[in-house]
Amino acid sequence: MGDHALPGTPPVPLTLRKSARARRISLRISQLDGRVTLTYPQGVPEAEALNFARMKEDWIRQHLEDRPELSVVQFGQSIPVEGVARRIVPASGRRVQMGTDEIAVPKGAEARRLGRFLKELARDRLTGACDDYAAMLGRPYSSLTIRDTRSRWGSCSSTGGLMFSWRLILAPSDILHYVAAHEVAHLAEMNHSPAFWAQVERIFGDYKDQRRWLRDNGAQLHQYRFDTAMS
């Protein structure tokens, strides 16, 4: 479709996506890399979609400005794990070890090793939570997958497969549990109807604070990078 951008200082690159499933023009800004995607239906001219983006320019620039800067994890830095700030320090042994206010990583190891530790911790916590909520719901799930998703914290497929962002391990524990309950509730209600929210409340309790926390703070969980060696 060619390269497109909103003019200005700096220009804002746009990724255009024509979709047969889209019913209206929409904009999405990636929490991970700030990419702006403009999606529009098959029958809508490209020029109309671009004009829509131009009308939303102030909104786009404000959201890009509010995005947290990416931060490569390194020794001496603090990162939240289960919502608790823990300082990254060199480990004396060969394993990553988590304490009350520190997380020790073998000196010279790559930051991605810490990332792998956090992913496994997320899998452990989410599996435990989903097992509990599925038992309360009386509906088993078929699989549980951990990914680094950009646009959603979790999902539930029609075959009962659950998927979660591993970055939920950085959030307070009740936030991870809320997302687990949310996706498990979809095993009974594959929608967001009042019946679905009733199931969430039945197995989790009042979820409004956790839902609000994700809306207000979720983008912060994407600021940490684990793909570069620490120094």
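Computed from a predicted model, the values in this text were never measured in an experiment.

A. Highlighting the overall build of the chain. Counting its regular elements, the chain contains 6 helices and 13 strands. For the chain, the spread of C-alpha atoms along the three principal axes comes to 60 × 50 × 30 Å. Counting every position in the chain, which comprises 231 residues, the buried fraction comes to 44%. Within the chain, contacts between residues at least 6 apart in sequence are counted, and of these 49% link residues at least 24 apart. A total accessible area of about 12700 Å² is found for the chain, and carbon and sulfur atoms account for 46% of it. Charge-centre separation for the chain: the mean point of 33 positive side chains lies 5 Å from the mean point of 26 negative side chains.

B. Representation of the pairing of strand 7 (residues 84-91) within the structure. As judged from the 4 bridges shared by strand 6 (residues 78-81) and strand 7, these two strands associate in the antiparallel manner. Among the inter-strand pairings, serine 78 is bridged to a residue of strand 7, identified as arginine 87. Here strand 6 folds back onto strand 7 in antiparallel fashion, the turn holding 2 residues, of which glutamate 82 has a positive phi close to 55°. As paired elements, strand 7 and strand 9 (residues 102-106) share 5 bridges and run parallel to each other. The residue bridging alanine 91 from the neighbouring strand is proline 106, located in strand 9.

C. Local environment of the packing of helix 3 (residues 111-137) against helix 5 (residues 194-204). At their nearest, the axes of helix 3 and helix 5 sit 10 Å apart, and the two run at 115° to each other. As summarised for this structure, helix 3 and helix 5 are arranged roughly perpendicular, according to the angle between their axes. For helix 3 against helix 5, the interelement crossing comes out right-handed. Listed contacts from helix 5 to Tyr133, Met136 and Leu137 of helix 3 are Gln199, Arg202, Ile203 and Phe204. Looking at the contact of helix 3 with helix 5 residue by residue, the class counts come to 5 nonpolar, 1 polar and 1 charged.

What counts as what
- Residues numbered from 1 in each chain as written.
- Predicted model: local features only at pLDDT ≥ 70, side-chain atom pairs only at ≥ 80, totals over all residues.
- Heavy atoms only, no water.
- Helix = DSSP H or I, 4+ residues; strand = E, 2+ residues; numbered from the N terminus.
- Buried < 20%, exposed > 50% of the residue type's maximum accessible area, 1.4 Å probe, protein only.
- Contact = heavy atoms within 4.5 Å.
- Areas by Shrake-Rupley, 256 points an atom, 1.4 Å probe, with all protein chains shown as cover.
- Lys, Arg positive; Asp, Glu negative; His and termini not counted.
- Charge placed at Lys NZ, Arg CZ, Asp CG, Glu CD.
- Pairing = 2+ DSSP bridges.
- Axes fitted to C-alpha atoms, helices over the stretch in contact; angles between N-to-C directions.
- Parallel < 35°, antiparallel > 145°, perpendicular 65-115°, else oblique.
- Left-handed = near helix turned anticlockwise from the far one by under 90°.
- Nonpolar A, V, L, I, M, F, W, Y, C, P; charged D, E, K, R; others polar.

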